[in-house]
Amino acid sequence: MNEVNSDVAEENLITVTGLTKQYPEFALRDISFQLPAGYIMGMIGPNGAGKTTTIKALLDMVRPDSGQLTLLGGTTPAARVACRDDLGVQLDGSIYPDTWRVKQVAAALAPFFPQWDAALFADLCQDMAIPQKTKYKDMSRGTQVKLQLAAALAHHPRLLVLDEPTAGLDPLARDELLTRLQDFIADGQHSVLLSTHLTADLERIADYVLYIRDGRQQFFGHVDDLLGAYVLVKGGPADLTPALQAAVIGLRRYGEGFTGLLPAAAGDDLPATVVTEPITLEELMIYFGRGAHDAQRN
Ligand SMILES: Nc1ncnc2c1ncn2[C@@H]1O[C@H](COP(=O)(O)OP(=O)(O)OP(=O)(O)O)[C@@H](O)[C@H]1O
């Protein structure tokens with residue numbers, strides 16, 4: 001993870017301002033974020049939050065209703081297509097024809113990318129243990145993801161946009177990918193945008209996080225700022241005053257007490273018997289999710 005230095009003017013590889021997209025049963029509303037060169041940004045949010053829709057809008061696979069998108073300096077769809085050589089993409093789900101093997105993937109992609117590096121692609125396939133003779137449809141889900149990642153990296157992009165890249169990977173492969181992504185940005189010129197449900201991955205490698213729920217942006221900023229904004233509170237039944245109950249997010253009561261989240265500033269004036277602890281991204285998502293469910297039920 002690079003140290004974030006707000007004093008230095010940074011080149012943004014992605015700028016999204018006021019992105020909205022309306023589907024019959026879903027609305028993505030007013031999403032805004034920037035990704036400077038040299039950083040990793042993670043998108044988190046529950047199933048159906050709008051992460052993939054945001055990525056697809058950025059890649060011009062979905063037409064936004066409003067908002068401005070700048071990708072690698074391209075502000076129009078045509079300009080964004082023109083900079084595709086600098087963009088490596090991995091999408092959730094199968095993307096190659098069933099019968100393709102590694103060789104066909106290389107043959108199909110090389111003509112589209114002037115910077116395609118056949119030797120690098122072969123090395124990546126070997127490193128990731130991608131079988132040469134297996135048809136795409138017969139590869140495991142994790143191997144299909146690895147093949148997409150190898151293809152995304154093989155043309156030396158400046159920016160990687162990855163939709164759940166670690167979802168199908170075993171722990172060793174996940175660890176290797178995260179290290180690869182850290183190496184990718186280490187020169188300060190490259191960036192990664194990835195969506196994931198594996199929040200521990202983001203705590204390890206991400207500088208920035210975009211948190212979306214029900215199509216609405218809940219937070220965009222530094223991971224540490226998000227984690228620093230809330231504390232986990234735990235106390236006994238007598239500690240749960242009406243004021244505290246009203247303030248706690250995602251309150252859960254159990255036999256000996258309660259747990260929930262509190263804005264960090266509200267954690268200062270608690271009785272000594274209430275324990276506060278730092279939160280993880282996973283806890284943040286669970287407690288906010290519970291809070292939203294509880295609000296819907298009431
Ligand atoms: N083409 C479409 N037509 C109608 N609704 C759509 C379309 N594409 C996506 N949606 C809806 O948009 C919502 C957001 O979907 P999206 O795939 O962006 O969520 P996500 O955050 O990536 O979820 P997950 O974590 O489950 O992958 C969902 O309710 C989905 O059904």
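How each quantity is defined
Residues numbered from 1 in each chain as written. Predicted model: local features only at pLDDT ≥ 70, side-chain atom pairs only at ≥ 80, totals over all residues. Heavy atoms only, no water. Pairing = 2+ DSSP bridges. Helix = DSSP H or I, 4+ residues; strand = E, 2+ residues; numbered from the N terminus. Salt bridge = Lys/Arg side-chain N within 4 Å of Asp/Glu carboxyl O. Buried < 20%, exposed > 50% of the residue type's maximum accessible area, 1.4 Å probe, protein only. Right-handed = clockwise from strand over helix to strand, strands pointing away. Domains from an automatic or database assignment. Contact = heavy atoms within 4.5 Å. Buried area = accessible area lost by both parts, 1.4 Å probe. Polar contact = N/O pair within 3.5 Å; in protein donor to acceptor, adjacent residues only side chain to side chain.

## Thoughts on the pairing of strand S10 (residues 230-235)
1) Next: In this structure, S10 lies alongside strand S12 (residues 257-263), joined through 6 bridges in antiparallel fashion. Bridged to valine 231 within S12 is leucine 262.
2) Next: Bridge analysis of S10 against strand S13 (residues 275-278) gives 4 bridges, and the strand direction is antiparallel. Bridge assignment links lysine 234 to a residue of S13, and that residue is valine 275.

## So, the pattern of salt bridges
Oppositely charged side chains can pair when the atoms bearing their charge come close.
1) Next: Counted according to the given criterion, the structure contains 8 salt bridges.
2) Next: A salt bridge links arginine 141 to aspartate 92; its shortest N-O distance comes to 3.4 Å. Separated by 49 residues along the polypeptide, arginine 141 in helix H5 (residues 141-153) and aspartate 92 in the loop between strand S5 (87-90) and helix H3 (102-109) bring together distant segments of the chain.
3) Next: When its relative accessible area of 45% is taken as the criterion, arginine 141 is described as partly exposed.
4) Next: Classification of aspartate 92 by relative accessible area gives partly exposed; the value is 38%.
5) Next: The partner of arginine 174 in a salt bridge is aspartate 201, with the nearest N and O atoms 2.7 Å apart. On the criterion of sequence distance, the pair formed by arginine 174 in helix H6 (residues 171-185) and aspartate 201 in helix H7 (residues 199-205) is long-range, its members being 27 residues apart.

## With respect to the pairing of strand S6 (residues 159-163)
1) Next: When you tally the buried positions in S6, you get 5 out of 5 residues, the bulk of the element.
2) Next: Side-chain alternation along S6 places Leu159, Val161 and Asp163 on one buried face and Leu160 and Leu162 on a second face that is also buried.
3) Next: Handedness of the crossover joining S6 and strand S7 (residues 191-195) through H6: right-handed.

## Regarding the domain arrangement of the protein chain
1) Next: According to the domain assignment, the protein chain contains domain 1 (12-214) and domain 2 (229-296).
2) Next: If you average the C-alpha positions of domain 1 and of domain 2, the two centres end up 35 Å apart.
3) Next: Counting residues at the interface gives 8 residues for domain 1, matched by 7 residues for domain 2.
4) Next: Counting the surface domain 1 buries against domain 2, the share from its top three residues, Thr199, Glu203 and Tyr211, is 54%.
5) Next: The interface formed by domain 1 and domain 2 contains 0 salt bridges.
6) Next: For the interface between domain 1 and domain 2, the tally reads 2 residue pairs in polar contact (both at pLDDT 80 or more).
7) Next: Of all elements in the fold, only H7 and strand S8 (208-213) reach the threshold of two or more residues within the side of domain 1 that touches domain 2.
8) Next: Among the elements that make up the side of domain 1 that touches domain 2, the one with the highest residue count is H7 (3 residues).

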